[in-house]
Amino acid sequence: MTSPVSESPERRVRPLVVAIDGPAASGKSSTAKWVARELGFRHVDSGALYRAATAATLRAHPDSGVWTEDRVLAAAASVSLAATDTSFQARVAGREAEAELRGAEVTSRVSIVAKMPRVRAWVNDRVREAAEGHAIVVDGRDMGTAVFPQARVKIFLVADPWERARRRLLQRLERLPTEEEIAEETDALVQRDAKDESQTQRANDAVLIDTTYLTQEEQVERIVALARRAQKGRSPDPAG
Ligand code: C5P
């Protein structure tokens, strides 16, 4: 692995930010992880922070009917973003909690938390902190708009809902899904898209990549090429 882009403090160049946004199951996180590996950057999954805030709140208040912004923020105080060699990992109470973050209880409630403006501000601050000292590839819904409007590389990934559902099931079941399973998963994805609609924003200057007919390798190659071009042409301007 190559080392992250080193910046000369004299030139006051901020580390590069590659922002990848898109709807649920568009392949953002797996693509971002791979792109980060290729570039020697660290991967930040902003969705994992929303999930971690949700998991921490569930631990404190199992009934989501009582969740207020203050309660969510108090619970989120136990969430941290720990640097590993290749990523910043969202932890709850100092421990990794990947299975909990990806579980159905969290997934079905995360959009409650994601609609709270002060929780969004809290997530955005954590992600910006991660970008202070490291070149990052960050994925989410609004990274290229609300969080890093100056990012030099912005990508918006889309894919046909049926194909997104098929890929997600393939990953989850580790076998070919049936048509009925794909149809059911497509419905769930379309519902989640609707819940997330207000947060999912495509920046005007984002490069749109429709991955329906692309392999993951092809999408990674395209993004890496854009990032390398930005690295070469970069000037000492702020925020990536
Ligand atoms: O990306 P992932 O599906 O793990 O994100 C979980 C949830 O977090 C999304 O369904 C969405 O509600 C929220 N989210 C968001 N803004 C982001 C990233 C995720 O609102 N930047």
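The model shown is predicted, which means the values in this text are computed figures rather than measured ones. (Residues numbered from 1 in each chain as written. Predicted model: local features only at pLDDT ≥ 70, side-chain atom pairs only at ≥ 80, totals over all residues. Heavy atoms only, no water.)

> I'd like a rundown of the pairing of strand S2 (residues 42-45), residues and numbers included.
Burial along S2 is two-sided: Arg42 and Val44 and His43 and Asp45, pointing in opposite directions, are all buried. Of the strand pairs in this sheet, S2 and strand S6 (residues 136-140) are connected by 4 bridges, and their pairing is parallel. For Val44, the partnering residue across the bridge sits in S6 and is Val138. Note: S2 against strand S4 (residues 87-92), 2 bridges, orientation parallel. (Buried < 20%, exposed > 50% of the residue type's maximum accessible area, 1.4 Å probe, protein only. Helix = DSSP H or I, 4+ residues; strand = E, 2+ residues; numbered from the N terminus. Pairing = 2+ DSSP bridges.)

> Pulling in residues and values, what's your account of unusual backbone geometry?
Unusually for a residue other than glycine, Ala93 sits at a positive phi of about 50°. Backbone geometry at Glu174 places phi at a positive 55°, although glycine is not the residue there. Looking at the secondary structure, you find Glu174 in the loop between helix H8 (161-173) and helix H9 (179-196).

> Report on the pattern of salt bridges, specifying residues and quantitative values.
Inspection of the entire model under this criterion finds 15 salt bridges. Two residues, Glu100 and Arg59, come together in a salt bridge whose shortest N-O distance is 2.7 Å. One end of the pair, Glu100, is in helix H4 (residues 98-102); the other, Arg59, is in helix H2 (residues 46-60), and 41 residues separate them in sequence. The shortest N-O distance in the salt bridge between Arg118 and Asp70 comes to 2.9 Å. (Salt bridge = Lys/Arg side-chain N within 4 Å of Asp/Glu carboxyl O.)

> Can you tell me about the side chain of Lys28, naming the residues and giving the values?
Along the chain, Lys28 turns up in helix H1 (residues 28-39). Contacts of Lys28, omitting those with residues within four sequence positions, involve Ile20, Asp21, Gly22, Pro23, Asp139, Gly140, Arg141 and Leu157. (Contact = heavy atoms within 4.5 Å.)

> Please set out the nonpolar core residue by residue, giving values where relevant.
Core analysis: the biggest nonpolar cluster contains 38 residues, and Val127, Ile136, Val138 and Phe148 have the highest contact counts within it. Only strand S1 (17-21), H2, helix H3 (69-76), S4, helix H5 (104-114), helix H6 (117-133), S6 and helix H7 (143-147) provide two or more residues apiece to this core. At 8 residues, the largest contribution of residues to this core is made by H2. Residues Val18, Ala32, Ile155 and Ala230 belong to the second largest nonpolar core, which totals 20 residues. (Core = buried A, V, L, I, M, F, W, Y, C linked by side-chain atoms within 4.5 Å.)

> I'd love a proper account of the packing of H8 against H9, names of residues and values included.
One can describe the packing of H8 onto H9 by two numbers: an axis separation of 8 Å at closest approach and a directional angle of 115°. Of the possible angle classes, the one that applies to H8 and H9 is roughly perpendicular. For the pair H8 and H9, the sense of crossing is right-handed. Where H8 abuts H9, its residues Pro161, Trp162, Arg164, Ala165, Arg166, Arg168, Leu169, Arg172 and Leu173 lie against Glu179, Glu181, Ile182, Ala183, Glu185, Thr186, Leu189, Val190, Arg192 and Asp193. (Axes fitted to C-alpha atoms, helices over the stretch in contact; angles between N-to-C directions. Parallel < 35°, antiparallel > 145°, perpendicular 65-115°, else oblique. Left-handed = near helix turned anticlockwise from the far one by under 90°.)

> Would you mind going over the site of the ligand in detail, with residue names and values included?
For the ligand, the set of nearby residues contains 16 residues, the closest of which are Arg51, Arg120, Arg141, Arg192 and Asp196. Arg120 has a polar side-chain atom sitting 2.8 Å from an oxygen atom of the ligand. Contact distances for the ligand include 3.0 Å between a nitrogen atom and a side-chain N or O atom of Asp142. Contact with the protein chains removes 97% of the 450 Å² of surface that the ligand exposes when unbound. Where the shell around the ligand is concerned, the elements lending two or more residues are H2, H5 and H9. The biggest single contributor to the shell around the ligand is H2, with 4 residues. (Near = heavy atom within 4 Å. Polar contact = N/O pair within 3.5 Å; in protein donor to acceptor, adjacent residues only side chain to side chain. Areas by Shrake-Rupley, 256 points an atom, 1.4 Å probe, with all protein chains shown as cover.)

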